[in-house]
Amino acid sequence: MMETLPDIAIAMNSLAENVVLQEGTAAGGGPSIEQGAAAALGIGLAAIGAGYAERGIGAAVVGALAEDSISPGIGILLTVLPETLVIFALVALFV
């Protein structure tokens, strides 16, 4: 059993040496996934991650608002902050 960091590093190195990169699909030799599909996948995963983050932040903000420890403006700002991740993903799509 691997218990130390050097043992894990040696195992990962030997695993990386045995990886064979895929040169293309069997049909045409092109990429496995189209460029538009990869962009859609990236934006979709960014949106899922932002929604997951907003779930926890929203619950914390509601609790803090119930105890009157923060103002509603700060609560809204903290809740919307993870959504900038999706905005950056959309900007990267068009740039």
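Residues numbered from 1 in each chain as written. Predicted model: local features only at pLDDT ≥ 70, side-chain atom pairs only at ≥ 80, totals over all residues. Heavy atoms only, no water.

- You'll find the protein chain entered in an unreviewed UniProt entry as V-ATPase proteolipid subunit C-like domain-containing protein, with Natrinema soli given as the organism.
- What UniProt states about the protein chain under its Subcellular location (unreviewed entry) heading is, verbatim, "Membrane". (UniProt positions renumbered as here; feature names shortened; annotations may be inferred.)

1. Here's the deal with the nonpolar core
- Counting five residues, the largest nonpolar core consists of Ile43, Ala46, Ala50, Val86 and Ala89.
- It is helix α2 (residues 35-66) that provides the largest number of residues to this core, a total of three residues.
- Setting aside residues up to four positions removed in sequence, Ala50 forms contacts with Pro82, Glu83, Leu85 and Val86. (Core = buried A, V, L, I, M, F, W, Y, C linked by side-chain atoms within 4.5 Å. Buried < 20%, exposed > 50% of the residue type's maximum accessible area, 1.4 Å probe, protein only. Helix = DSSP H or I, 4+ residues; strand = E, 2+ residues; numbered from the N terminus. Contact = heavy atoms within 4.5 Å.)

2. Some thoughts on the environment of Val62
- Residue placement: Val62 occurs in helix α2.
- The spacing of Val62 and Gly75 is 13 residues in sequence and 7.9 Å in space, taken between C-alpha atoms.

3. As for the confidence of the model for the protein chain
- Confidence along the protein chain averages 80 in pLDDT terms, with 74% of residues attaining 70 or more.
- The element-level mean pLDDT for the protein chain is lowest in helix α1 (residues 5-17), coming to 68, with helix α3 (residues 72-80) highest at 91. (pLDDT = per-residue confidence, 0-100.)

4. What about the packing of α2 against helix α4 (residues 84-94)?
- Close contact between α2 and α4 brings their axes to 8 Å; oriented N to C, the two are set at 170°. When the interaxial angle is binned, α2 and α4 end up roughly antiparallel. Two secondary-structure elements touch here, α2 through Ala39, Ile43, Ala46, Ala47 and Ala50 and α4 through Leu85, Val86, Ala89, Leu90 and Leu93.
- Residues of the contact of α2 with α4, tallied by class, amount to 10 nonpolar, no polar and no charged. (Axes fitted to C-alpha atoms, helices over the stretch in contact; angles between N-to-C directions. Parallel < 35°, antiparallel > 145°, perpendicular 65-115°, else oblique. Nonpolar A, V, L, I, M, F, W, Y, C, P; charged D, E, K, R; others polar.)

5. So, the packing of α2 against α3
- Here α2 crosses α3 at 170°, and the two axes come no closer than 9 Å. Compared by their axis directions, α2 and α3 come out roughly antiparallel. Contact residues: α2 offers Glu54, Ile57, Gly58, Val61 and Leu65, while α3 offers Pro72, Gly75, Leu78 and Thr79.
- For the contact of α2 with α3, the class distribution of residues is five nonpolar, three polar and one charged.

6. Quick notes on the UniProt feature "transmembrane region" (unreviewed entry) in the protein chain
- Those places that UniProt annotates as "transmembrane region" (unreviewed entry) correspond, in this numbering, to residues 74-94.
- The straight-line gap between the two end C-alpha atoms of residues 74-94 is 31 Å; of that span, 86% is helix and 0% is strand.

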